[in-house]
Amino acid sequence: DAGVTQSPTHLIKTRGQQVTLRCSPKSGHDTVSWYQQALGQGPQFIFQYYEEEERQRGNFPDRFSGHQFPNYSSELNVNALLLGDSALYLCASRSRQLAGVTGANEQFFGPGTRLTVL
Amino acid sequence: AQSVTQLGSHVSVSEGALVLLRCNYSSSVPPYLFWYVQYPNQGLQLLLKYTSAATLVKGINDFEAEFKKSETSFHLTKPSAHMSDAAEYFCAVGGYSSASKIIFGSGTRLSIRP
């Protein structure tokens with residue numbers, strides 16, 4: 001059973017460019033959340049997708065947008081990159097149905113995409 | 001609103017010594033609480049979780065944590081540290097709803113001295 005996968009592993013961009021990061025959830029999971037982890041800090045919630053719609057959003061500007069596909073995979077897009085966007089971007093998945101049955105609200109995380117903005 | 005405070009950004013213990021990483025939470029609803037570990041250049045791995053079934057929660061690699069509502073704490077312990085335990089540890093809080101986001105603390109870096 002493959003866990004959460006993310007691509008690419010590393011990415012280098014310059015200021016002002018746009019970037020797309022991809023995530024495939026763990027098998028059986030339907031909900032995807034994205035987090036930004038700056039160096040030396042804990043992950044910060046960006047947004048959550050299920051049923052192909054953004055359901056919750058953290059304190060991030062509109063430059064951060066996303067999408068969820070019918071197969072539950074997801075993309076994170078960041079426009080007009082800033083130096084401060086350099087971070088590890090983590091994708092996490094969970095099963096809403098399973099959470100409702102077992103009460104287990106845990107998320108499973110992917111290895112992340114390391115984005116460097118120069 | 002929910003939040004997590006991890007006390008001590010860096011903890012250093014000797015190999016074989018007790019590990020204690022402190023976490024206090026704030027939540028207006030009964031919380032789910034988690035401890036995650038992150039090894040260098042890797043994602044987050046769940047160590048253990050509290051979901052109201054039992055206040056003492058056992059996780060992987062002999063880690064455990066005790067939920068204390070009166071102290072709003074969820075400290076992580078391990079009786080005997082191993083060199084392989086060196087990593088970054090994150091305490092996190094979430095709600096009961098399957099749609100709840102998870103709020104992370106700022107992390108504690110655990111170093112193990114030979």
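Keep in mind it's a predicted model, so treat the numbers as computed, not measured.

Rules behind the numbers
Residues numbered from 1 in each chain as written. Chains lettered and ligands numbered in written order. Predicted model: local features only at pLDDT ≥ 70, side-chain atom pairs only at ≥ 80, totals over all residues. Heavy atoms only, no water. Helix = DSSP H or I, 4+ residues; strand = E, 2+ residues; numbered from the N terminus. Rg over C-alpha atoms; globule rule 2.2 N^0.38 Å. Buried < 20%, exposed > 50% of the residue type's maximum accessible area, 1.4 Å probe, protein only. Contact = heavy atoms within 4.5 Å. Disulfide = S-S within 2.5 Å.

A.B. asks: Looking at this model, I keep getting lost on the overall build of chain B. Mind explaining?
C.D. replies: Across its full length, chain B holds zero helices and eleven strands. Counting helices and strands in the order they occur from the N terminus, chain B gives β-β-β-β-β-β-β-β-β-β-β. A globule of 114 residues ought to have a C-alpha radius of gyration of about 13 Å, and chain B, at 13 Å, matches this closely. Each of the three principal axes of chain B carries a C-alpha extent, and together these read 40 × 30 × 20 Å. When the 114 residues of chain B are sorted by exposure, 46% land in the buried category. Summarising the internal contacts of chain B: among those between residues at least 6 apart in sequence, 57% fall at separations of at least 24.

A.B. asks: I would appreciate a short explanation of the state of the cysteines in the present structure.
C.D. replies: Think of a disulfide as a covalent bridge from one cysteine sulfur atom to another cysteine sulfur atom. According to the stated counting rule, one finds two disulfides over all chains in the structure shown. One disulfide bridge connects A:Cys23 with A:Cys91, the sulfur atoms lying 1.8 Å from each other. With the S-S bond torsion at -60°, the cross-link from A:Cys23 to A:Cys91 turns out left-handed. Of this pair, A:Cys23 sits in strand 3 (residues 19–24) while A:Cys91 is found in strand 9 (residues 87–94), placing the two residues 68 residues apart along the sequence. Across this residue pair, the class does not change: A:Cys23 and A:Cys91 are buried. Disulfide partner of B:Cys23: B:Cys91, at an S-S distance of 2.0 Å.

Scope: geometric values only; no functional claims are made or implied.
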